[in-house]
Amino acid sequence: MAATRASPLLLLLLIIQLNMLFHLPDSSSPITALAQPADEQQQNTKQHRQPALVQWTCNSTSFYDVCIAALAADPSSSTADVSGLCAIAVSAAAANASGTAAFLGNASDAAATPEADRALLRTCAGKYAAARDALLQARASLAEQAYDYAFVHVSAADEYPAVCRTLFRRRQQKQRVSRPYPPELAKREEALRRLCTIALDIISLLQNQEPQ
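The present account deals with the structure reproduced in this document. (Residues numbered from 1 in each chain as written. Predicted model: local features only at pLDDT ≥ 70, side-chain atom pairs only at ≥ 80, totals over all residues. Heavy atoms only, no water.)

## Details of the packing of aromatic side chains
- Per the counting criterion, the structure on display carries 0 aromatic pairs.
- Directly above the ring of F103 sits R188, whose terminal nitrogen or CZ lies 4.5 Å from the centroid. (Phe/Tyr/Trp six-rings, centres within 6.5 Å; stacked < 30°, edge-to-face > 60°. Lys NZ or Arg CZ within 6 Å of the ring centre and 35° of its normal.)

This is how it looks when you write it as structure tokens:
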């Protein structure tokens, strides 16, 4: 008895069914999109859902993305006025300065830190602590609507990290060695500089809103 030959149509249908059975959806398919972590999707849209006042305020600063991130980290930003947003920005800068002071203090006490570096690190820790104190004074001035004083305090806080960098540079010149500025300290210094700049920009907005 001769073997029965499958028709080309049946073979085609079989191939289609097998392909559908073993096909895995690609990353652009709706199924895969639904399977992605919700946190990632929320993070992508969080910035676009900020209150209009937050967006307007940050749009008036030199570092929009940093401003949005700093204000969004505080839940009270959703109902705050411009003065309240400024207080949040100042508090974010103070937290940065406080954290850096603690970081430098711990580094100066670490067993692996050379003795020659300990005094310099402690001095730098003191400068960042002074920056924190100046920012706390700025926040108190904001509460009293003393915007000129708040501007002075934030400006002073912005200058303290530069003193630390200068001390590192002078030590290099004195020892005639080429050692890079600590990368972690440089990163923290730049973060504080940006936060202080944002705070100063918002204080300027408040000053412009005052009756002449």
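## Observations regarding the side chain of T57
- Structurally, T57 can be placed in helix 4 (residues 52-59).
- Sequence-distant contacts of T57, defined by excluding residues within four places in its chain, comprise V82, L85, I202 and L205. (Helix = DSSP H or I, 4+ residues; strand = E, 2+ residues; numbered from the N terminus. Contact = heavy atoms within 4.5 Å.)

## Quick look at the nonpolar core
- Grouped together as the largest cluster of nonpolar side chains are 48 residues, with contacts concentrated most on L71, V90, L135, L142, V154, F168 and L192.
- Listed by contribution, the elements that provide at least two residues to this core are helix 4, helix 5 (64-72), helix 6 (82-109), helix 7 (115-143), helix 8 (147-175) and helix 9 (183-209).
- If we ignore the near neighbours within four places in the chain, the residues touching V90 are L135, A138, R139, L142, V154 and A199. (Core = buried A, V, L, I, M, F, W, Y, C linked by side-chain atoms within 4.5 Å. Buried < 20%, exposed > 50% of the residue type's maximum accessible area, 1.4 Å probe, protein only.)

## Digging into the pattern of salt bridges
- Counted by the stated rule, this structure contains 5 salt bridges.
- A salt bridge links R188 to E184; the shortest N-O distance between them is 2.9 Å. One end of the pair, R188, and the other, E184, are both in helix 9, 4 residues apart, so they sit about a helical turn from each other.
- The exposure class assigned to R188 is partly exposed, which follows from its relative accessible area of 22%. (Salt bridge = Lys/Arg side-chain N within 4 Å of Asp/Glu carboxyl O.)

## Some details on the packing of helix 6 against helix 9
- Contact geometry for helix 6 and helix 9: axes closest at 9 Å, N-to-C directions at 160 degrees. Judged on the interaxial angle alone, helix 9 and helix 6 are roughly antiparallel. As for the relative orientation of helix 6 and helix 9, their crossing is left-handed in sense.
- Considered class by class, the residues forming the contact of helix 6 with helix 9 number 20 nonpolar, 5 polar and 2 charged. (Axes fitted to C-alpha atoms, helices over the stretch in contact; angles between N-to-C directions. Parallel < 35°, antiparallel > 145°, perpendicular 65-115°, else oblique. Left-handed = near helix turned anticlockwise from the far one by under 90°. Nonpolar A, V, L, I, M, F, W, Y, C, P; charged D, E, K, R; others polar.)

## What about the state of the cysteines?
- For the coordinates displayed, the defined rule picks out 2 disulfides.
- Between the sulfur of C58 and that of C67 lies a disulfide, 2.1 Å long from S to S. As the torsion about the S-S bond is roughly -70 degrees, the C58-C67 disulfide counts as left-handed.
- Given the relative accessible area of 0%, C58 is considered buried.
- Overall, the relative accessible area of 1% leaves C67 in the buried class.
- Ordinal numbering of bonded cysteines along the protein defines a disulfide pattern of 1-2, 3-4.
- No disulfide involves C86; its sulfur sits 9.8 Å from the nearest other cysteine sulfur, which is in C67. (Disulfide = S-S within 2.5 Å.)

## Observations concerning the layout of surface pockets
- Quantified by volume, the largest pocket comes out at close to 170 Å³.
- Around the largest pocket, the lining comprises 14 residues; the ones closest to its centre are L104, A107, L121, F168 and P182.
- Contributing elements (two or more residues each) for the lining of the largest pocket: helix 6, helix 7, helix 8 and helix 9.
- Residue composition of the lining of the largest pocket, grouped by class: 10 nonpolar, no polar and 4 charged. (1 Å grid on protein atoms, 1.4 Å probe; cavity = no way out; pocket = protein on both sides within 12 Å on 5 of 7 lines; lining within 4 Å. Points joined across faces, edges and corners; volume = space filled by probe spheres on them.)

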